[in-house]
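Results of the structural survey
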Amino acid sequence: MADAPKKPRRSHLVPWRTAGSASEAKVTGDEVVRDTGWVFNNEVGSALTLDQFVASGDAEVALYMERFGINTEDAAVQTILELGSGIGRMTAAFSRSFGKVIACDVDPAFLERCRQTVAQKGDVQRLRTSQVRDGHVIQEPAASADLVFSYITLQHCSPEDAADLVRESWRVLKPGGRMILNFRTWVAQDIVLVPAGAIVRAVWRLPIVGQRLTGRRWTTRLGWQANRLGLDEVLRIVPDADNIVIWKHPSRSMKSSPALQARRTDRDLDIANRSHWWIDAQKPKG
Ligand SMILES: C[S@@+](CC[C@H](N)C(=O)[O-])C[C@H]1O[C@@H](n2cnc3c(N)ncnc32)[C@H](O)[C@@H]1O
């Protein structure tokens, strides 16, 4: 029997594979941060350190945990699954608060670096890493996490992978658990950025030229503009979700179809990027 045709997912993974390979060639965490850290927190410079890099994650984790109300004493006995952990910018802080942390990423080299980051800046005894197979399958059993958290990751996936990863996040949640996922919505610049991103990803597929362009900061920043999954699409993936809160910048209003409007409450999140929104939803207790 002929193999089923593969979905065109791969070019979305190019920037991560390239940065992951580059990180493998480095010896210290400081070197990794100087060379590839910008793919995570946009900072560049020859004087960057792992300390500064992790401090940026610590500050964000503290704010988000406080705003989402997940900085409870229960955290110490909970398992958090971080989808798109990268090299552990935020994972180190999670490992200091949660009983167990499952760091998931598509790139195995990032996960290795994540382990090193957490060993230096967090509690590595609480960490397990798990590669996301083919960029869309979380290799963890159903009902294995109390919380699934993802930040600046789903916007970079193909629309199919992003939708699969929402489904997978829901699958691995325990009954009563919470899924807190970050997305990006449309802004005016997207009229240029999104088509330019598609062109760059097509160029990345070309022999020689494509190879030369991967890993350049400007192409990466265009090529990773991969999807703007909408609120309706996400809500339809989790038809049984309870207590749905949509967190968004105060200047934004989020629209969904009238049928789905009643399922959700909107809350302002002043620390959010103007183009970001989050779904925060609870899995029914059973
Ligand atoms: C911009 S970085 C953010 C990392 C981390 N959340 C942070 O804030 O530092 C996006 C991360 O998502 C990962 N990623 C991209 N596509 C993915 C996919 N389809 N499945 C799992 N991880 C993915 C990348 O390898 C990268 O580590």
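Residues numbered from 1 in each chain as written. Predicted model: local features only at pLDDT ≥ 70, side-chain atom pairs only at ≥ 80, totals over all residues. Heavy atoms only, no water.

A look at the overall build of the chain
When helices and strands are counted, the chain shows 12 helices and nine strands. Relative to the compact-globule value of 19 Å for 286 residues, the chain shows a C-alpha radius of gyration of 18 Å, a close match. Projecting the C-alpha coordinates of the chain onto the three principal axes gives extents of approximately 50 × 50 × 40 Å. Out of the 286 residues in the chain, the part that is buried amounts to 52%. Intrachain contacts of the chain at a sequence separation of at least 6 include 70% that bridge at least 24 residues. Summing over all exposed atoms, the chain offers an accessible surface of approximately 13200 Å²; the carbon and sulfur share of this is 54%. (Helix = DSSP H or I, 4+ residues; strand = E, 2+ residues; numbered from the N terminus. Rg over C-alpha atoms; globule rule 2.2 N^0.38 Å. Buried < 20%, exposed > 50% of the residue type's maximum accessible area, 1.4 Å probe, protein only. Contact = heavy atoms within 4.5 Å. Areas by Shrake-Rupley, 256 points an atom, 1.4 Å probe, with all protein chains shown as cover.)

A closer look at the side chain of Asp280
By the secondary structure assignment, Asp280 is in strand E9 (residues 276-282). If we ignore the near neighbours within four places in the chain, the residues touching Asp280 are Arg178, Met179, Ile180, Asn243, Ile244, Val245 and Trp247.

A short note on the site of the ligand
Around the ligand, a shell composed of 19 residues is seen, among which Gly84, Arg89, Asp105, Gly135 and Tyr151 lie nearest. In this structure, an oxygen atom belonging to the ligand sits 2.8 Å away from a side-chain N or O atom of Arg89. When the ligand is considered free in solution it has 600 Å² of accessible area, and contact with the protein chains removes 99% of it. The class makeup of the residues in the shell around the ligand is 11 nonpolar, six polar and two charged. (Near = heavy atom within 4 Å. Polar contact = N/O pair within 3.5 Å; in protein donor to acceptor, adjacent residues only side chain to side chain. Nonpolar A, V, L, I, M, F, W, Y, C, P; charged D, E, K, R; others polar.)

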